[in-house]
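Residue-level structural notes
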Amino acid sequence: MFLEIHDLRKGFGEGENRTEVLKGISFEVERGEICVLLGPSGSGKTTLLRDLIRQVSDGSCDHVTGEVFSGVTVGVADERSELGACYQGIPQNDLGMRTDVLDGCPKSEGMLMLIRSMAPAVVAVDEIGGKEDIQAVEYVQNCGCVLAATAHGASLEEVRERPGFRELLEEKTFKRLVFLSSRREKRGVVENIYDGELRPIHRGFI
């Protein structure tokens, strides 16, 4: 297992003013797999991706088993500065000690540049969708990198209607499709997870 997320929670503020944006996120990713986080605007997918980048880059320790994950290099193609929030080339958000960020670079070009020049173990990108993005995803797959990406989509049916994504689904490019809830009262909660065959791994709320 390359990455195992268990009961990930994220919130801002303290006490009565605290707002939880991620609530009990759990899923697994094998080495070399392409994982896409889907959901409508405000569902928490970018926040989740940002936290995953940091944890994969810094590494972690399982306090129960004592198993240590030492962390790996991560390349981030941050076209709109939503992941790193770079200022004068320096990320203001913590993306981890082994993370390289291409800020303000088109996603499709950034993914290719990262693989060719930085050789990351993981490539991360926010909001894939255009034809060029889809072609870059296919390139990443052929290079054997783990790709973690977000995309807009409230359901599997909605994603299937998008031409670029339909081809990727038919080619079984994504090995994990993690849908965050579109219901306001359940924002930040995993609603459905599918494997590459589009078989449900998880249904309902955690």
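What you see is a predicted model, and the numbers here were worked out from it, not measured in a lab.

**Some remarks on the overall build of the protein chain**
The number of helices and strands found in the protein chain is five helices and 14 strands. By sequence separation, contacts in the protein chain at least 24 residues apart represent 57% of the contacts at least 6 residues apart. Only carbon and sulfur atoms are counted for the fraction: they give 46% of the accessible area of the protein chain, which is about 10,400 Å².

**Things to note about the pattern of salt bridges**
Pairs can form between side chains of opposite charge whenever their charged atoms are close. For the structure shown, the criterion picks out six salt bridges. Here Glu82 makes a salt bridge to Arg80, at a shortest N to O gap of 3.7 Å.

**Points about the packing of helix 3 (residues 131-143) against helix 5 (residues 163-170)**
Interhelical geometry of helix 3 versus helix 5 gives an angle of 20 degrees and a closest axis separation of 9 Å. One way to sum up the angle between helix 3 and helix 5 is to call them roughly parallel. Along this stretch, helix 3 crosses helix 5, giving a crossing that reads as right-handed. In this structure, helix 3 contributes Ile134, Val137 and Glu138 to the contact, and helix 5 contributes Gly164, Phe165 and Leu168. Here the residues of the contact of helix 3 with helix 5 are counted per class, giving four nonpolar, one polar and one charged.

**Examining the packing of aromatic side chains**
Scanning all chains against the criterion turns up two aromatic pairs. Considering the side-chain rings of Phe165 and Phe174, the 5.7 Å spacing of their centres and the 25 degrees angle between planes classify their relative orientation as stacked. Both residues of the pair, Phe165 and Phe174, count as buried. Their ring planes at 90 degrees and their centres at 5.8 Å tell us that Phe179 and Tyr194 sit as a pair that is edge-to-face. Of the two residues, Phe179 is situated in strand 12 (residues 176-180) and Tyr194 in strand 13 (residues 190-195); the sequence distance between them amounts to 15 residues. By relative accessible area, Tyr194 is classed as buried at 6%.

**Examining unusual backbone geometry**
Phi at Ser81 is positive, roughly 60 degrees, even though this residue is not glycine. If you trace the backbone, Ser81 turns up in the loop between strand 6 (74-78) and strand 7 (86-87).

**So, the pairing of strand 12**
The two faces of a sheet get side chains in turn, since along a regular strand they alternate between them. Of all five residues in strand 12, five are buried, a share of seventy percent or more. Bridging between strand 3 (residues 34-39) and strand 12 involves four bridges; their strand directions are parallel. Opposite Val36, over in strand 12, you have Leu177 as the bridge partner. Inspection of the sheet shows strand 12 paired to strand 13 by five bridges, in the antiparallel sense. In the strand pairing of strand 13, Val178 is matched with Ile193.

**Some details on the nonpolar core**
If you look at the biggest cluster of nonpolar residues, it comprises 28 residues, and the most contacted ones within it are Leu38, Met111, Ile128, Leu147, Phe165, Phe174 and Leu177. Put simply, the parts of the chain that give this core at least two residues each are strand 3, helix 2 (107-117), strand 10 (122-125), helix 3, strand 11 (146-152), helix 4 (156-160), helix 5 and strand 12. With four residues, the top contributor of residues to this core is helix 3. Sequence-distant contacts of Phe165, defined by excluding residues within four places in its chain, comprise Leu38, Ile128, Gly129, Ile134, Ala151, Val159 and Phe174. Core analysis: the second largest hydrophobic core is formed by 20 residues, Leu37, Leu48, Ala124 and Val146 among them.

Rules used throughout
Residues numbered from 1 in each chain as written. Predicted model: local features only at pLDDT ≥ 70, side-chain atom pairs only at ≥ 80, totals over all residues. Heavy atoms only, no water. Helix = DSSP H or I, 4+ residues; strand = E, 2+ residues; numbered from the N terminus. Contact = heavy atoms within 4.5 Å. Areas by Shrake-Rupley, 256 points an atom, 1.4 Å probe, with all protein chains shown as cover. Salt bridge = Lys/Arg side-chain N within 4 Å of Asp/Glu carboxyl O. Axes fitted to C-alpha atoms, helices over the stretch in contact; angles between N-to-C directions. Parallel < 35°, antiparallel > 145°, perpendicular 65-115°, else oblique. Left-handed = near helix turned anticlockwise from the far one by under 90°. Nonpolar A, V, L, I, M, F, W, Y, C, P; charged D, E, K, R; others polar. Phe/Tyr/Trp six-rings, centres within 6.5 Å; stacked < 30°, edge-to-face > 60°. Buried < 20%, exposed > 50% of the residue type's maximum accessible area, 1.4 Å probe, protein only. Pairing = 2+ DSSP bridges. Core = buried A, V, L, I, M, F, W, Y, C linked by side-chain atoms within 4.5 Å.

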